[in-house]
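Chain and residue survey
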Amino acid sequence: MSKITPLVISVLALVFGVFTFFYLKNSSELVYVDVNRLLDGYKRTAVVKKEFEAKANTLKANADSLLTDWQNELKNYEKERSSMSKKELELKQELLSNKQQQINSYQQAVQKQIQQEHHKITQTVINDINDFVKEYGEQKGYRIIFGATGGGTIMYAQDGSDLTDEVLEELNTQFTGK
């Protein structure tokens, strides 16, 4: 009976060792996701982009409308200037100049607003993805998940190290609620 006990202990130690090896191998495996593919493939990105483009187009249309009105005023001025007095010419030129400056300022403000809005929505989507990947990594037991951006941050990885498709599928499932 004393020989069985060391044999049982050896088998248990071997089983424990194999289990520990595979457990630690899986939990310390180095994996990555392609951030650009996640951004492009994430369904929320398309939804947010469409909303952003509608808002940006409205802002641009307002600026274009003001510019068109100013151009029409300028054409009318060109037609009527021969019949205007010197004082009327000076006033109209000043008015057109002031209006042009206001339109330029408005166009710059619109561009700045569009850039800020684009940055804000992009950051919101990136934050969603980052939060999801963090939760995903915790649930799957990964110690680290790298984010590849196509700029050479990950030059080589073995097959099976790229989690992008798996993460993207679960991310979209979470977003759509299906």
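Presented here is an overview of the structure given in this document. (Residues numbered from 1 in each chain as written. Predicted model: local features only at pLDDT ≥ 70, side-chain atom pairs only at ≥ 80, totals over all residues. Heavy atoms only, no water.)

Quick notes on the nonpolar core
Within soluble globular proteins, side chains that are nonpolar generally end up buried alongside one another. Let me state the cut-off plainly: Only buried residues count toward a nonpolar core, which is a set of Ala, Val, Leu, Ile, Met, Phe, Trp, Tyr and Cys residues joined through side-chain atoms within 4.5 Å. Each residue's exposure class comes from its accessible area (1.4 Å probe, protein chains only) as a fraction of the maximum for that residue type: buried when under 20%, exposed when over 50%, partly exposed otherwise. In what follows, residue pairs with any heavy atoms lying within 4.5 Å of each other are defined as contacts.
Membership of the largest hydrophobic core comes to 22 residues, with the highest contact counts inside it found for Leu 38, Ile 129, Leu 163 and Val 167. With sequence-adjacent residues up to four places away left out, Ile 129 is seen in contact with Leu 38, Leu 39, Tyr 42 and Leu 171. By size, the runner-up hydrophobic cluster in this structure holds five residues, among which are Trp 70, Tyr 77, Leu 96 and Ile 103.

Brief notes about helix H5 (residues 164–176)
Stated precisely, the cut-off is as follows: Each helix corresponds to a stretch of at least 4 residues labelled H or I by DSSP, and each strand to a stretch of at least 2 residues labelled E; elements are numbered beginning at the N terminus. Given the number of residues in a helix, its expected span is that number minus one, multiplied by 1.5 Å. The directions considered for the arc are those from the helix axis to the C-beta atoms.
Counted at 1.5 Å a residue, the expected span for H5 with its 13 residues is 18 Å, and the 18 Å between its end C-alpha atoms agrees. Among all positions in H5, only Thr 164, Val 167, Leu 168, Leu 171 and Asn 172 are buried. Along the long axis of H5, the arc covered by the buried residues comes to 130 degrees, so they all point the same way. Relative to its buried face, H5 has exposed residues pointing more than 90 degrees away, namely Asp 165 and Glu 169. Check the buried side of H5 and you find it contacts strand S1 (31–34), helix H2 (35–41), helix H3 (43–80) and helix H4 (86–140). Following H5 by one or two positions, Gly 177 has its phi on the positive side, about 75 degrees.

Looking at the packing of H3 against H4
Each pair of packed helices gets described by two things: the angle between the helix axes and the distance between those axes. Threshold: Under this scheme, a helix contributes an axis fitted over its contacting stretch, all axes are lines through C-alpha atoms, and angles between N-to-C directions fall in the 0 to 180 degree range. Here is the rule for angles: anything less than 35 degrees is roughly parallel, anything more than 145 is roughly antiparallel, 65 through 115 is roughly perpendicular, and the remaining ranges are oblique. Residues were grouped as follows: Ala, Val, Leu, Ile, Met, Phe, Trp, Tyr, Cys and Pro as nonpolar; Asp, Glu, Lys and Arg as charged; and all remaining residues, including Gly, as polar.
Packing of H3 against H4 brings their axes to within 10 Å, and their N-to-C directions diverge by 175 degrees. In this view, H3 runs roughly antiparallel relative to H4, as classed from their interaxial angle. Partitioned by chemical class, the residues of the contact of H3 with H4 number 19 nonpolar, eight polar and eight charged.

Some points on the pattern of salt bridges
Put simply, the rule reads: What makes a salt bridge here is a side-chain nitrogen of Lys or Arg within 4 Å of a carboxyl oxygen of Asp or Glu, nothing more.
Inspection of the entire model under this criterion finds seven salt bridges. Between Arg 37 and Asp 162 there is a salt bridge whose closest N-O contact spans 3.3 Å. In this pair, Arg 37 is assigned in helix H2 and Asp 162 in the loop between strand S2 (145–148) and H5, connecting sequence segments 125 residues apart. A salt bridge links Lys 55 to Glu 117, with the shortest nitrogen-to-oxygen separation between them at 3.6 Å. Pair noted here: Lys 55 is in helix H3 and Glu 117 is in helix H4, with a separation of 62 residues, a long-range link. A cluster of three or more residues bridged by salt bridges with shared partners is formed by Arg 37, Asp 162 and Asp 165.

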